[in-house]
Amino acid sequence: MAGPIFKPEVDFPEVYKLCQMFVPSENDLVKVRDTMNREMTAGLSKEGHDRSSVPCYLSYVQDLPSGRERGRFLALEMMPTNCRIMLVRFSSEKDVYMSSKCVIIPHSIAAAKGTELFNFLASNIATFVKDKKVEKENLPMGIAFAFSLNKLALDVGILIAWTKEFGATGAIGKDVVQLLRDALAKFPEIMVNILGIINVAIGSLLALCWTQPDTRIGLNMGNITNSCYVEEVDNCHMYTGTNNKSIMIVNTDWAHFGDGGQLDFIRNEFDKTLDESSTNPGHRIYEKFSGALFISELVRMVIVRLMRNGTIFEGQTLDLISNQWRMDMSSVFDLDSDPPGVYTKAQEVMEKYRIRHCKERDLAAVRYISNIILSRAAMMLSSGVACLINRMKIAQISISVDGGIYRLNQTFQTVINKYTLQLTDPRYKFEYVVNQDSCGVGAAIMAGLAHADKYRGESKIFELDF
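Quantities reported herein were computed from a predicted structural model and do not represent experimental measurements.

Rules used throughout
- Residues numbered from 1 in each chain as written.
- Predicted model: local features only at pLDDT ≥ 70, side-chain atom pairs only at ≥ 80, totals over all residues.
- Heavy atoms only, no water.
- Helix = DSSP H or I, 4+ residues; strand = E, 2+ residues; numbered from the N terminus.
- Rg over C-alpha atoms; globule rule 2.2 N^0.38 Å.
- Buried < 20%, exposed > 50% of the residue type's maximum accessible area, 1.4 Å probe, protein only.
- Contact = heavy atoms within 4.5 Å.
- Areas by Shrake-Rupley, 256 points an atom, 1.4 Å probe, with all protein chains shown as cover.
- 1 Å grid on protein atoms, 1.4 Å probe; cavity = no way out; pocket = protein on both sides within 12 Å on 5 of 7 lines; lining within 4 Å.
- Points joined across faces, edges and corners; volume = space filled by probe spheres on them.
- Nonpolar A, V, L, I, M, F, W, Y, C, P; charged D, E, K, R; others polar.
- Arc of directions from axis to C-beta.
- Polar contact = N/O pair within 3.5 Å; in protein donor to acceptor, adjacent residues only side chain to side chain.
- Phe/Tyr/Trp six-rings, centres within 6.5 Å; stacked < 30°, edge-to-face > 60°.
- Lys NZ or Arg CZ within 6 Å of the ring centre and 35° of its normal.
- Core = buried A, V, L, I, M, F, W, Y, C linked by side-chain atoms within 4.5 Å.
- Pairing = 2+ DSSP bridges.
- Axes fitted to C-alpha atoms, helices over the stretch in contact; angles between N-to-C directions.
- Left-handed = near helix turned anticlockwise from the far one by under 90°.
- Salt bridge = Lys/Arg side-chain N within 4 Å of Asp/Glu carboxyl O.
- Parallel < 35°, antiparallel > 145°, perpendicular 65-115°, else oblique.

(A) Just the overall build of the chain, in detail. Counting its secondary structure elements, the chain contains 16 helices and 14 strands. The C-alpha atoms of the chain give 24 Å as radius of gyration, which agrees with the globular expectation for 466 residues (23 Å, within 12%). C-alpha extents for the chain along the principal axes are approximately 75 × 50 × 45 Å. Within the chain, the proportion of its 466 residues that are buried is 56%. If you take every contact in the chain between residues at least 6 apart in sequence, the share linking residues at least 24 apart comes to 71%. Carbon and sulfur atoms make up 50% of the accessible area of the chain, which amounts to about 19,700 Å² in all.

(B) Molecular detail of the layout of surface pockets. There is about 390 Å³ of room inside the second largest pocket. Tyr 60, Leu 154, Asn 243, Ala 450 and Asp 453 are, among the 18 residues lining the second largest pocket, the residues nearest its centre. Looking at the lining of the second largest pocket, the element that brings in the most residues is helix H16 (residues 439–454), giving five residues.

(C) Empty space enclosed by the protein, seen in detail. For the structure on display, the rule yields one cavity of 30 Å³ or more. Counted as a void, the largest cavity has a volume near 60 Å³. Considering the residues around the largest cavity, the lining is formed by Arg 267, Asp 271, Leu 274, Asp 275, Ile 285, Lys 288 and Phe 289. Within the residue set of the lining of the largest cavity, elements represented by two or more residues are helix H8 (269–277) and helix H9 (287–290). Top element by residues in the lining of the largest cavity is H8. It accounts for three residues. Grouping the amino acids of the lining of the largest cavity by side-chain chemistry returns three nonpolar, no polar and four charged.

(D) Summary view of H8. Within the span of H8, buried status applies to Phe 270, Asp 271, Leu 274 and Asp 275. Projection of H8 onto a plane perpendicular to its axis shows the buried side chains occupying an angular sector of 135°, all on one side. Taken together, the buried residues of H8 touch helix H2 (13–19), H9, helix H10 (292–308) and helix H13 (360–392). Between the side-chain oxygen of the N-cap and the backbone nitrogen of Phe 270 there are 2.9 Å, and the N-cap of H8 in question is Asn 268.

(E) View of the packing of aromatic side chains. Scanning the entire structure with this criterion turns up 17 aromatic pairs. What links up through ring pairs into an aromatic cluster is the set Phe 145, Phe 147, Trp 162 and Phe 166. Its guanidinium or amino end placed over the ring of Phe 265, Lys 31 lies 4.1 Å from that ring's centre, counting from NZ or CZ.

(F) Examining helix H6 (residues 176–184) more closely. Taken residue by residue, H6 has Val 176, Val 177, Leu 179, Leu 180, Ala 183 and Leu 184 as its buried positions. The buried residues of H6 occupy an angular sector of 165° when the element is viewed end-on, so they sit on one face. Residues of H6 that are buried make contact with strand S2 (69–78), helix H5 (114–131), strand S5 (139–145), strand S6 (148–153), strand S7 (156–161) and strand S8 (192–198). Of the residues that open H6, the one with a side-chain oxygen 3.1 Å from the backbone nitrogen of Val 177 is Asp 175.

(G) Up close: the nonpolar core. If you look at the biggest cluster of nonpolar residues, it comprises 120 residues, and the most contacted ones within it are Ile 217, Met 221, Ile 303, Phe 313, Ile 399, Phe 412 and Tyr 432. At 20 residues, the largest contribution of residues to this core is made by H13. With residues near it in sequence (within four places) discarded, Phe 313 still touches Ile 303, Met 307, Met 350, Ile 355, Cys 358, Asp 362, Leu 363 and Val 366. Ranked by size, the runner-up nonpolar core spans 41 residues in total, among them Ala 110, Phe 118, Leu 121 and Ile 125.

(H) Representation of the environment of Pro 106 within the structure. With respect to the helices and strands, the residue Pro 106 is situated in the loop between strand S4 (96–103) and helix H4 (107–110). Residue classification places Pro 106 among the partly exposed residues on the basis of a relative accessible area of 33%.

(I) Focus on the sheet that holds strand S13 (residues 429–434). Judged by pairing direction, the sheet is mixed, and its six strands sit side by side in the order S1-S11-S10-S9-S12-S13 without closing on themselves. Strands with a single pairing partner mark the edges of an open sheet, and in this sheet they are strand S1 (57–58) and S13. Along the sheet, helix H7 (residues 200–211) makes contact with strand S9 (215–221), strand S10 (225–232), strand S11 (247–251), strand S12 (396–402) and S13, crossing S9 at roughly 135°.

(J) Structural detail: the pairing of S6. Here five bridges tie S6 to S7, and the two strands are oriented antiparallel to one another. Bridge pairing links Leu 149 to Leu 159 in S7. The loop that links S6 with its antiparallel partner S7 comprises two residues.

(K) Looking closely at the packing of H10 against H13. The interhelical angle for the contact between H10 and H13, taken along N-to-C directions, is 145°, at an axis separation of 10 Å. Considering how the two elements wind past one another, H10 and H13 form a crossing that is right-handed. Between H10, through Ile 295, Leu 298, Val 299, Val 302, Ile 303 and Leu 306, and H13, the contact on the second element is made entirely by Val 366, Ile 369, Ser 370, Ile 373, Leu 374, Arg 376 and Ala 377. Across the contact of H10 with H13, the residue classes break down as eleven nonpolar, one polar and one charged.

(L) Structural view of the pattern of salt bridges. This model, assessed by the stated rule, comprises 18 salt bridges. Between Glu 351 and Arg 356 there is a salt bridge; the shortest N-O distance is 3.3 Å. Through salt bridges with shared partners, one network takes in Asp 264, Arg 267, Asp 275 and Lys 288.

(M) Local environment of the packing of H5 against H6. At a minimum axis separation of 8 Å, H5 and H6 run at an interaxial angle of 60°. One finds that H5 runs oblique with respect to H6. Our pair here, H5 against H6, has a crossing hand that is right-handed. Residues Phe 118, Asn 119, Leu 121, Ala 122 and Ile 125 of H5 lie in contact with H6, whose contacting residues are Val 176, Leu 179, Leu 180, Ala 183 and Leu 184. Grouping the constituent residues of the contact of H5 with H6 by class yields nine nonpolar, one polar and no charged.

Here you go:
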């Protein structure tokens, strides 16, 4: 049976007042959108690229799938916690068949020299292609790579940094594609043709684009925040190629937006404290508004402040909830998920921190805190998405979404759609679509498109079924 429904400004005014610092005005969001646009223009230019907080790296992917492509391709997904080797077959009528093997990288390998890591990957690729009986077919392979790269060509990606799970420092500053090619050369009995490397957002964009050809944006909305979009090559002043192609998928790397102080006008005391206590103070500021790790930490910080003030959960223990980074995103989703007047999930979450037998008013207050901070994250991202849509000036696009924040939370979905609509030029229509295929499928498509481009007229391996 449903209990009382509380009005925040009436029933817990101290909570309501504190949370107002997490509610940006529409003018604030317009300013975020327009400032991002200026930073992107600088990032695409030769003179502004190095100092822009939205550097807009070129992917060297200049073809989009139409859905008519056919063939078999290999892909390697390299993620912070695991890798996946995939054989992908594109058949008729939008049919994708995928066979894959998940590879857990042992800590001893992840922490070893770079060559050992890539030898380990090559060994697993060799076993996989033999199992699938395609070891002699020299199938095109694409890599979807979740770590920072400096792209110099479609198949040249210089590793900038690993995440904390990896210690293979010998690979930093080297071309990831060449490291894997060198490792695969130690297995002369197999033939694999690595044709390119892309990041996760671009893989997501390409994967959805095969089934929805109007896809023009790829979004990561999880622990990391990133986007890519389709830009006119004439606006990509860092590009020096001469292949007469009109487009370029651009990796915005927009997590760094605000690193130069551009978002200081909208950051509050909690944002600044969170940044100072993070592993990378002053960096990836935009991500600290909208990444899952940071949303949940902000919710925890606000709850702790209000408990210390005696505003909520009076007399309850702070022992567990006062630990930094202790709250996870699934708890925030649970706090936000009870129907009106029901506080079952909220009580279950607070039990994790030994906060028991709570008043419904206090549980309503923490649900309100979660809702406000989730909503702000969605608003901040909507400013970025609106910026991309307005830049492209395309009548109708699909946006490929990867990551649990959008997929698993109705508040986030509702708010990001509402504010993207408000901040986008009404001439341009859009649809957010949860990408069901992995970024590895996108890497396989990239390899197929690169193969068709490289060997046009010479090979039947990748066909266009017109």
